[in-house]
There are 2 protein chains.
Amino acid sequence: MSPIAVFDRPLTSVDLTIFSVARETLQVLLVRRSGAPEEPFPEVWALPGGFVDLRQDADLEHCALRKLREKTGVVAPDLEKVGSWGSAVRDPRGWSVTTVYLALIAAGGTALAAGGNAADARWWPIEGSRVRERLAFDHGEILKAAIARLRNKVEYTSLPAFLLTPEFTLTELQQMYEVVLGRTLEKKAFRTRMLATDLLEEVPRMKEGRSRPAQLYRLANRRRPVFFARTFSPRD
Amino acid sequence: MSPIAVFDRPLTSVDLTIFSVARETLQVLLVRRSGAPEEPFPEVWALPGGFVDLRQDADLEHCALRKLREKTGVVAPDLEKVGSWGSAVRDPRGWSVTTVYLALIAAGGTALAAGGNAADARWWPIEGSRVRERLAFDHGEILKAAIARLRNKVEYTSLPAFLLTPEFTLTELQQMYEVVLGRTLEKKAFRTRMLATDLLEEVPRMKEGRSRPAQLYRLANRRRPVFFARTFSPRD
DNA sequence: AGAATAGTGTCTCTAAGACAGTATGAT
DNA sequence: ATCATACTGTCTTAGAGACACTATTCT
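Rules of the game
- Residues numbered from 1 in each chain as written.
- Chains lettered and ligands numbered in written order.
- Predicted model: local features only at pLDDT ≥ 70, side-chain atom pairs only at ≥ 80, totals over all residues.
- Heavy atoms only, no water.
- Near = heavy atom within 4 Å.
- Polar contact = N/O pair within 3.5 Å; in protein donor to acceptor, adjacent residues only side chain to side chain.
- Helix = DSSP H or I, 4+ residues; strand = E, 2+ residues; numbered from the N terminus.
- Nonpolar A, V, L, I, M, F, W, Y, C, P; charged D, E, K, R; others polar.
- Contact = heavy atoms within 4.5 Å.
- Axes fitted to C-alpha atoms, helices over the stretch in contact; angles between N-to-C directions.
- Parallel < 35°, antiparallel > 145°, perpendicular 65-115°, else oblique.
- Left-handed = near helix turned anticlockwise from the far one by under 90°.
- Domains from an automatic or database assignment.
- Buried area = accessible area lost by both parts, 1.4 Å probe.
- Salt bridge = Lys/Arg side-chain N within 4 Å of Asp/Glu carboxyl O.
- Phe/Tyr/Trp six-rings, centres within 6.5 Å; stacked < 30°, edge-to-face > 60°.
- Lys NZ or Arg CZ within 6 Å of the ring centre and 35° of its normal.
- Expected span 1.5 Å × (residues − 1).
- Buried < 20%, exposed > 50% of the residue type's maximum accessible area, 1.4 Å probe, protein only.
- Core = buried A, V, L, I, M, F, W, Y, C linked by side-chain atoms within 4.5 Å.
- Pairing = 2+ DSSP bridges.

S.K.: How would you sum up the protein's contact with DNA strand C? Please name residues and give values.
M.R.: As a matter of local geometry, DNA strand C sits amid 21 residues, with Lys187(A), Lys188(A), Arg191(A), Ser211(A) and Gln215(A) nearest to it. Backbone sugar and phosphate groups make up 56% of those atoms of DNA strand C lying within 4 Å of the protein. Between DNA strand C and Arg212(A) there is a distance of 2.9 Å, counted from a base nitrogen to a side-chain nitrogen or oxygen. Between a base nitrogen of DNA strand C and a side-chain N or O atom of Glu186(B), the distance comes to 3.2 Å. Every element with two or more residues in the surface near DNA strand C is listed here: helix H4 (187-196) and strand E9 (214-219) of chain A together with helix H4 (187-196) of chain B. Residues belonging to the surface near DNA strand C are distributed by class as follows: four nonpolar, six polar and 11 charged.

Structure (structure tokens):
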């Protein structure tokens with residue numbers, strides 16, 4: 001094989017699908033692209049992301065974490081690969097490959113005001129499998145795939161716990177599942193299932209409200225989501 | 001944002017994890033790298049793959065299909081993204097990103113003799129989550145992730161059907177599942193489950209053998225794997 | 001007392017696991 | 001008849017779904 005010429009190298013970027021829940025709706029973080037006319041898709045909304053910086057980024061995940069920090073000021077508790085998209089035509093500047101990550105962040109608390117172009121970052125509600133706005137590049141298709149991945153994974157993991165503040169009630173957790181999945185869940189089955197794992201720890205405190213107080217829980221292990229049993233489950 | 005200099009572009013490749021089953025063992029296709037001393041990892045076994053050809057390949061999946069065809073002469077019935085790996089150090093030639101695909105091909109029938117360096121392509125048995133040989137680059141880690149993905153997906157899809165010839169018996173299908181998962185399955189539950197979907201179609205023929213003939217089936221829809229019901233399954 | 005929300009009891013239903021039993025071919 | 005393998009009957013168990021019921025706070 002001959003040496004690889006630089007013109008054989010595609011443009012390489014990272015994009016992020018960052019989800020949260022606000023006002024009982026799944027939301028995704030988008031940024032508005034620069035208005036400079038030499039840029040593709042000027043002023044069009046897009047997934048946050050950007051080109052890999054070979055001097056700054058040790059690997060793709062570091063690059064994604066850096067972009068996330070620059071755009072939102074948060075450190076993602078969970079960053080998951082969604083896939084990569086690469087073709088000759090997805091970017092008018094030439095053959096390009098993007099690697100896409102997915103992150104869930106807690107509702108409300110995040111100030112988007114950190115970066116320079118932060119005024120042009122905002123949450124968009126998911127309607128079905130998309131946002132109302134038409135997105136730059138193939139980001140509409142990518143977002144669709146990320147939502148599908150998220151919904152699928154929520155069926156059998158504790159991922160939605162990352163959408164909540166450190167302490168929460170079972171009802172709040174159930175609401176996160178329901179918002180992401182777009183359907184209601186049965187209360188008793190949900191609670192039995194959640195408590196059957198070692199996912200949650202009671203904290204010795206109740207959430208007071210307008211009625212009966214609710215037990216507060218926190219994640220027993222903040223790092224990675226728990227996987228629930230599924231079909232063909234191994235014998236023990 | 002300033003224009004992207006070519007030296008900001010990582011090397012970009014595609015690698016394939018191609019699995020089959022032979023002699024009751026899951027096998028992965030590996031190729032031996034060139035012995036030329038200026039190449040990294042000379043004569044070391046590696047996943048088949050190579051750099052994207054910006055003039056030849058329309059997109060990453062076409063590139064993967066081309067590599068697969070060049071190495072094995074088969075057209076993959078199912079090509080699935082596993083993920084991408086990119087870092088400054090995974091290739092000694094510089095910052096590189098590889099996108100990894102997974103394919104299952106039917107046992108036995110495939111002649112590996114197609115390409116030029118075909119003598120250096122062979123099936124390696126999977127032992128646990130790896131092959132005995134030490135692989136080039138980070139291909140050991142990538143293979144481990146691909147096997148994990150495969151095993152996980154087999155728990156709830158009809159993927160192993162792609163490991164079989166067009167017509168097969170339920171016992172043969174069950175054996176494919178058992179080999180991939182590395183554990184035995186209960187016969188009655190397996191058959192009930194398979195026949196409960198519209199995955200299979202009876203063909204009006206039996207497989208004759210040393211004992212009672214077995215009903216032959218084929219896939220009702222050859223295109224994509226079927227997904228089985230799982231926890232939190234939607235109400236109908 | 002009544003509203004509101006937290007949390008439980010319990011029945012049904014489905015599908016997996018276990019495993020013994022029956023069916024149908026070759027020899 | 002015996003062996004080998006295909007295929008089924010049926011009991012048990014685990015967990016989801018349904019849904020009514022009880023519990024604890026507030027006003």
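S.K.: Please give an account of the environment of Pro213(B) that cites residues and values.
M.R.: All names here are of chain B. In this fold, Pro-213 is placed in the loop between strand E8 (200-207) and strand E9 (214-219). In this structure, the C-alpha to C-alpha distance between Pro-213 and Thr-169, residues 44 residues apart in sequence, is 9.7 Å. With residues near it in sequence (within four places) discarded, Pro-213 still touches Met-206, Lys-207 and Glu-208.

S.K.: Tell me about the protein's contact with DNA strand D, and name the residues and values.
M.R.: Taken together, 20 residues sit near DNA strand D, with Lys187(B), Lys188(B), Arg191(B), Ser211(B) and Gln215(B) positioned nearest. Restricting the count to atoms of DNA strand D within 4 Å of the protein gives a sugar and phosphate share of 57%. In this structure, a phosphate oxygen belonging to DNA strand D sits 3.4 Å away from a side-chain N or O atom of Thr171(B). Here Arg212(B) contributes a side-chain N or O atom positioned 3.0 Å from a base nitrogen of DNA strand D. Contributions of two or more residues to the surface near DNA strand D are made by H4 of chain A together with H4 and E9 of chain B. Taken together, the residues of the surface near DNA strand D sort by class into four nonpolar, five polar and 11 charged.

S.K.: Provide a residue-level description of the packing of helix H2 (residues 139-154) of chain B against helix H3 (residues 170-181) of chain B, including the pertinent values.
M.R.: Residues and elements named next belong to chain B. Axis separation between H2 and H3 bottoms out at 9 Å; the angle between their running directions is 140°. The angle between H2 and H3 places the two elements in the oblique class. The two elements H2 and H3 meet at a crossing, and its hand is left-handed. Here H2 contributes Leu-150, Arg-151 and Val-154 to the contact with H3, which in turn contributes Tyr-177, Val-180 and Leu-181. Class assignment of the residues belonging to the contact of H2 with H3 gives a composition of five nonpolar, no polar and one charged.

S.K.: Which residues make up the domain arrangement of chain A, and what values do they have?
M.R.: Residue and element names in this part refer to chain A. Domain annotation of chain A identifies domain 1 (11-154) and domain 2 (159-219). Contacts between domain 1 and domain 2 engage 16 residues on the former and 11 residues on the latter. In total, domain 1 and domain 2 occlude about 1,200 Å² of area from one another, counting both sides; carbon and sulfur atoms represent 79% of this. Looking at the side of domain 1 facing domain 2, the largest losses of area belong to Val-21, Leu-104 and Val-154, adding up to 43% of the total buried there. Viewed at the interface, domain 2 and domain 1 are joined by zero salt bridges. Applying the counting criterion to the domain 1 and domain 2 interface returns one residue pair in polar contact (both at pLDDT 80 or more). For the side of domain 1 that touches domain 2, the secondary structure elements donating two or more residues are strand E1 (11-22), strand E2 (25-32) and helix H2 (139-154). Its residues assigned to classes, the side of domain 1 that touches domain 2 shows 10 nonpolar, two polar and four charged.

S.K.: Which residues make up the packing of helix H3 (residues 170-181) of chain A against H4(A), and what values do they have?
M.R.: Residue and element names in this part refer to chain A. At a minimum axis distance of 11 Å, the contact between H3 and H4 shows a crossing angle of 105°. It follows from the interaxial angle that H3 and H4 lie roughly perpendicular. Of the residues in H4, those touching H3 at Leu-170, Thr-171, Leu-173, Gln-174 and Tyr-177 are Lys-187, Phe-190, Arg-191, Met-194 and Leu-195. Partitioning the contact of H3 with H4 into residue classes produces six nonpolar, two polar and two charged.

S.K.: Please provide a residue-by-residue account of the packing of aromatic side chains, values included.
M.R.: Enumeration according to the criterion identifies nine aromatic pairs over all chains in this entry. Grouping aromatic residues by their ring pairs yields a cluster made of Tyr156(A), Phe227(A), Tyr156(B) and Phe227(B). For Arg122(A), the ring lying beneath its charged end belongs to Trp124(A), and the centroid distance is 3.8 Å. Above the ring of Trp85(A), the side-chain terminus of Lys81(B) is found at 3.6 Å from the ring centroid.

S.K.: Could you give an account of H2(A), with specific residues and numbers?
M.R.: Note on helix geometry: an α-helix contains 3.6 residues per turn, so any two residues three or four positions apart are oriented the same way. In this model, H2(A) (16 residues) spans 22 Å end to end at C-alpha, consistent with the 22 Å of a helix rising 1.5 Å per residue. Residues of H2(A) that are buried make contact with E1, E2, strand E3 (45-46), strand E5 (79-87), strand E6 (96-104) and H3 of chain A.

S.K.: Provide a residue-level description of unusual backbone geometry, including the pertinent values.
M.R.: Its identity as a non-glycine residue notwithstanding, Glu24(A) has a phi of 60°, on the positive side. We classify Glu24(A) as exposed; its relative accessible area is 72%. Although it is not a glycine, Phe41(B) adopts a positive phi angle of roughly 55°. Position of Phe41(B) among the secondary structure elements: in the loop between strand E2 (25-32) and strand E3 (45-46).

S.K.: How would you sum up the nonpolar core? Please name residues and give values.
M.R.: Judged by nonpolar contacts, the single largest core of 44 residues is most densely connected at Phe19(B), Leu150(B), Leu173(B), Met194(B) and Leu200(B). Elements with a contribution of two residues or more to this core: strand E1 (11-22), E2, strand E5 (79-87), strand E6 (96-104), H2, H3, H4 and E9 of chain B. With seven residues, H3(B) is the single largest residue contributor to this core. When residues of this core are sorted by domain, at least three fall in each of domain 1 (11-154) and domain 2 (159-219) of chain B. For Met194(B), the contacting residues outside a window of four places in its chain are Leu170(B), Leu173(B), Tyr177(B), Leu199(B), Leu200(B) and Phe228(B). Core analysis: the second largest hydrophobic core is formed by 43 residues, Leu104(A), Ala146(A), Met176(A) and Tyr217(A) among them.

S.K.: I'd like a description of the pairing of E6(A), backed by residues and values.
M.R.: Residues and elements named next belong to chain A. Burial runs high along E6: nine of the nine residues are buried. The two faces of E6 match: Ser-96, Thr-98, Val-100, Leu-102 and Leu-104 on one face and Val-97, Thr-99, Tyr-101 and Ala-103 on the other face are all buried. Summarising the sheet, E1 and E6 pair through nine bridges and their orientation is parallel. Considered in E6, the bridge of Ser-13 is made with Thr-98. Pairing of E5 with E6, which is carried by eight bridges, proceeds in the antiparallel orientation. Paired with Glu-80 across the bridge in E6 is Leu-102.

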